[in-house]
Amino acid sequence: QVGEIRETTGLEKGAVLDVGSGYGYFRKTLEESGFEHDGLEVSAHAREVAKQLYGFESFNGRLEDQAGDWSGRYDLITMWDVIEHIPDPRRLLSCVGGCLKPGGFVALKTPNLTCPEAELFGPYYHSFKREHLWYFTADSLSALAKATRLAVVRMVSVSHLLQGFVGEEITRSWESMMQGADLSCVLRRM
């Protein structure tokens, strides 16, 4: 992920906020890659594990509660499997934009509602969870970005769950039609 972010954004270093930083695994990779990093995590248990494993202190709470203090602070904000859990994703992305330096980037990943896995498994699709409050398509995620003054720099869709059953050629065709199981995108503050 760090390599893909570097390739897409041109960032070789800078200040990064990992929203939903969990146990600190991605932050460890950021550190090893020369980035300054902070973590924001609502789980006390996850914050403690990150501290025990890597010595990382993580901020507690929601981005909306910190946004005023962090105005223009970060070159990059990452959110891996976070946005679908947030009651108001538009407000979240607006806060993210405010925390970015001018021209800063957001990298995020979320399940894709328009994937064959969702159609095949229906209500048993693994991404249909009670804790997922929102589901996105490439179009709806692009519209949300635009509404919050973030420009899509790169959006890809990847498929993994059914690859062993249908083969790489078919899953690549899904990905080319933005119908992979996940959406990964990089947005830029306008």
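About the criteria used
Residues numbered from 1 in each chain as written. Predicted model: local features only at pLDDT ≥ 70, side-chain atom pairs only at ≥ 80, totals over all residues. Heavy atoms only, no water. Helix = DSSP H or I, 4+ residues; strand = E, 2+ residues; numbered from the N terminus. Contact = heavy atoms within 4.5 Å. Polar contact = N/O pair within 3.5 Å; in protein donor to acceptor, adjacent residues only side chain to side chain. Core = buried A, V, L, I, M, F, W, Y, C linked by side-chain atoms within 4.5 Å. Buried < 20%, exposed > 50% of the residue type's maximum accessible area, 1.4 Å probe, protein only. Pairing = 2+ DSSP bridges. Axes fitted to C-alpha atoms, helices over the stretch in contact; angles between N-to-C directions. Salt bridge = Lys/Arg side-chain N within 4 Å of Asp/Glu carboxyl O. Patch = residues over 30% accessible without salt bridge, like charges linked within 9 Å, V, L, I, M, F, W, Y side chains within 5 Å. Areas by Shrake-Rupley, 256 points an atom, 1.4 Å probe, with all protein chains shown as cover. Phe/Tyr/Trp six-rings, centres within 6.5 Å; stacked < 30°, edge-to-face > 60°.

(A) Structural view of the environment of serine 58. Position of serine 58 relative to the elements: it lies in the loop between helix H3 (44-54) and strand S3 (59-60). As for serine 58 and aspartate 18, which are separated by 40 residues in sequence, their C-alpha atoms are 9.5 Å apart. If near-sequence neighbours (up to four positions away) are discounted, serine 58 is found in contact with Ser21, Arg27, Gly39, Arg47 and Ala50. A polar atom in the side chain of serine 58 sits 2.9 Å from the side chain of arginine 27.

(B) Looking closely at the nonpolar core. Judged by nonpolar contacts, the single largest core of 31 residues is most densely connected at Leu17, Leu63, Ile77, Met79, Val96, Val106 and Leu108. Mapped onto this core, the elements with two or more residues apiece are strand S1 (15-19), strand S4 (74-80), helix H5 (89-99), strand S5 (100-111), helix H7 (138-147), strand S6 (150-158) and strand S7 (182-189). Contact partners of valine 106, with chain neighbours within four places excluded, come to Leu76, Ile77, Met79, Val96, Leu100, Leu150, Cys185, Val186 and Leu187. Core analysis: the next-biggest nonpolar cluster, separate from the first, contains 12 residues, Phe26, Leu30, Phe105 and Ala107 among them.

(C) Looking closely at the sheet that holds S7. Taken together, seven strands build an open sheet; the order of strands is S3-S2-S1-S4-S5-S7-S6 and the sheet is mixed. Only two strands of the sheet have a single partner each, and these edge strands are S3 and S6. Pairing of S4 with S5 involves six bridges; the strand directions are parallel. Within S5, the position partnered with isoleucine 77 by the bridge is valine 106. Contacts from helix H2 (residues 25-32) reach S1, strand S2 (36-41) and S4 within the one sheet, and its direction differs from that of S2 by about 170°.

(D) View of the pattern of salt bridges. Applying the stated rule across the entire model yields nine salt bridges. With a closest N to O distance of 3.4 Å, lysine 101 and aspartate 75 form a salt bridge. Within this pair, whereas lysine 101 is found in strand S5, its partner aspartate 75 is found in strand S4, the two being separated by 26 residues in sequence. When its relative accessible area of 30% is taken as the criterion, lysine 101 is described as partly exposed. One salt bridge in this structure joins lysine 109 and aspartate 81, with 2.8 Å as the shortest N-O distance. Of the two residues, lysine 109 sits in strand S5 while aspartate 81 sits in the loop between S4 and H5, which places them 28 residues apart along the sequence.

(E) Spatial organisation of a nonpolar patch on the surface. On the surface, Leu120, Phe121, Tyr124 and Leu161 cluster together into a nonpolar patch covering about 450 Å² of accessible area. The class of leucine 120 is exposed, set by a relative accessible area of 56%.

(F) Examining unusual backbone geometry more closely. Despite not being glycine, arginine 149 has its phi angle at roughly 60°, a positive value. Along the chain, the position of arginine 149 falls in the loop between H7 and S6. Taking relative accessible area as the criterion, arginine 149 reaches 58% and is therefore assigned exposed. The backbone phi angle of methionine 178 is positive, close to 60°, even though this residue is not glycine. Within the secondary structure, methionine 178 is located in the loop between helix H9 (168-176) and S7.

(G) Just the packing of aromatic side chains, in detail. Per the counting criterion, the structure on display carries eight aromatic pairs. Centre to centre, the rings of tryptophan 70 and tyrosine 74 are 5.8 Å apart; their planes meet at 85°, and the pair counts as edge-to-face. Taking the centre distance of 5.3 Å and the plane angle of 85° together, the rings of tyrosine 125 and phenylalanine 128 count as edge-to-face. The exposure class of tyrosine 125 is buried, given its relative accessible area of 2%.

Keep in mind these values describe shape, not function.
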